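So the chains spell out like this:
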Amino acid sequence: MKTIISRCVIASILYLLFIPPLKANSDSVDIRVHFLHGSKPKKKYRFEEDRWFGGVLGGHAGIEYEPNKIVNFQPKSRFHIFHKKGIINSKFSIHDTLSFYEILGGKHNQVKKTIITIRISAKQKLKLDSVVKAYTERSPYDYAFFGMRCGAAAYDILAQIGVVYKYSYGKTWRKIFYPRKLRRKLEWFSKICGHKVRKVEGSTKRIWEED
């Protein structure tokens, strides 16, 4: 495996979370991992603001693999409590940026966001496109509370292209139990490798998941 002898690689090996990234070159491209922070209404606005699934530890995650195209994991109908191998009640959908941030019912310009930009090689991009095509045609796993959800599914895609360390199915959803788990891993990685992190504050009428 090609590696760069750098702090990024050394830290990645020690932390055992991420596969070392390939050296950036002229045909590298940027992808963006989007996080809609979880939240709940402040007490004084509880009759005005909606409650969201998962509350402060909820939210949503997706990967912008092409400009204004965010692939993200959702249930087809009411989700299962425990994942089922024979019943795949899930789908990978593609949303534009505005609809992604309104998926839980809020307005796109009033929600708290974190957007992490990651540079990948052309080879990784080809693999990403292949994974997105396969996953949107047929989801490989069920959506369940104790199982794969949006954060774990986003981690799985990043692992498929060598951006993060690849875990087994069970270890993936247990380690990435909600979106904040993935966000904090990527933010840690960004401090070492210089990936861009952009944050947008949300409405003051809600209590938002902290940074």
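The present account deals with the structure reproduced in this document.

About the thresholds
Residues numbered from 1 in each chain as written. Predicted model: local features only at pLDDT ≥ 70, side-chain atom pairs only at ≥ 80, totals over all residues. Heavy atoms only, no water. Helix = DSSP H or I, 4+ residues; strand = E, 2+ residues; numbered from the N terminus. Contact = heavy atoms within 4.5 Å. Polar contact = N/O pair within 3.5 Å; in protein donor to acceptor, adjacent residues only side chain to side chain. Core = buried A, V, L, I, M, F, W, Y, C linked by side-chain atoms within 4.5 Å. Buried < 20%, exposed > 50% of the residue type's maximum accessible area, 1.4 Å probe, protein only. Salt bridge = Lys/Arg side-chain N within 4 Å of Asp/Glu carboxyl O.

As for the environment of Ser28
Moving on, step 1. On the secondary structure map, Ser28 appears in the loop between helix H1 (7-15) and strand S1 (29-36).
Moving on, step 2. C-alpha separation for the pair Ser28 and Ala122, spaced 94 residues apart in sequence, amounts to 5.3 Å.
Moving on, step 3. Among all residues touching Ser28, those that are not within four sequence positions of it are Arg119, Ile120, Ser121 and Ala122.

Overview of the side chain of His60
Moving on, step 1. Counting through the fold element by element, His60 comes out in strand S3 (residues 60-66).
Moving on, step 2. Polar side-chain contacts of His60 include one of 3.0 Å to the side chain of Asn72.
Moving on, step 3. Non-local contacts of His60, meaning those with residues more than four positions away in its chain, are made with His34, Phe35, Leu36, Asn72, Phe73, Phe100, Ile103, Cys150 and Pro179.

Brief notes about the side chain of Arg206
Moving on, step 1. Inspection of the secondary structure assignment puts Arg206 in strand S10 (residues 206-208).
Moving on, step 2. Within the structure, Arg206 has its side chain in polar contact with the side chain of Ser39 (distance 2.6 Å).
Moving on, step 3. Of the polar contacts made by the side chain of Arg206, one reaches the side chain of Glu49; its length is 3.0 Å.
Moving on, step 4. Sequence-distant contacts of Arg206, defined by excluding residues within four places in its chain, comprise Ser39, Lys40, Pro41, Lys42, Glu49, Asp50 and Trp52.

What to know about the nonpolar core
Moving on, step 1. Counting residues in each nonpolar core, the largest one holds 35 residues, and the members touching the most others are Leu158 and Leu186.
Moving on, step 2. Those elements giving two or more residues to this core turn out to be S1, S3, strand S4 (69-75), strand S7 (113-120), helix H3 (122-137), helix H4 (150-160) and helix H6 (179-193).
Moving on, step 3. Among the elements that line this core, the one with the most residues is H4, at eight residues.
Moving on, step 4. If we ignore the near neighbours within four places in the chain, the residues touching Leu158 are Ile31, Val33, Ile63, Val163, Val164, Leu182 and Leu186.
Moving on, step 5. Grouped together as the second largest cluster of nonpolar side chains are eight residues, Ile70, Phe100, Val111 and Ile115 included.

A word on the pattern of salt bridges
Side chains that differ in charge, positive against negative, can pair when their charged atoms come close.
Moving on, step 1. All told, the structure shown has nine salt bridges when counted by the stated rule.
Moving on, step 2. Note that Glu48 is salt-bridged to Lys205, the shortest N-O span being 2.4 Å. Separated by 157 residues along the polypeptide, Glu48 in the loop between strand S2 (39-41) and S3 and Lys205 in the loop between strand S9 (196-200) and S10 bring together distant segments of the chain.
Moving on, step 3. Take Glu48: its relative accessible area is 48%, and that puts it in the partly exposed class.

Digging into unusual backbone geometry
Moving on, step 1. The phi dihedral of Asn68 falls on the positive side, at around 65°, and the residue is not glycine.
Moving on, step 2. Note that Asn68 resides in the loop between S3 and S4.
Moving on, step 3. Overall, the relative accessible area of 43% leaves Asn68 in the partly exposed class.

Take it as geometry only, folks, not as evidence of what the structure does.
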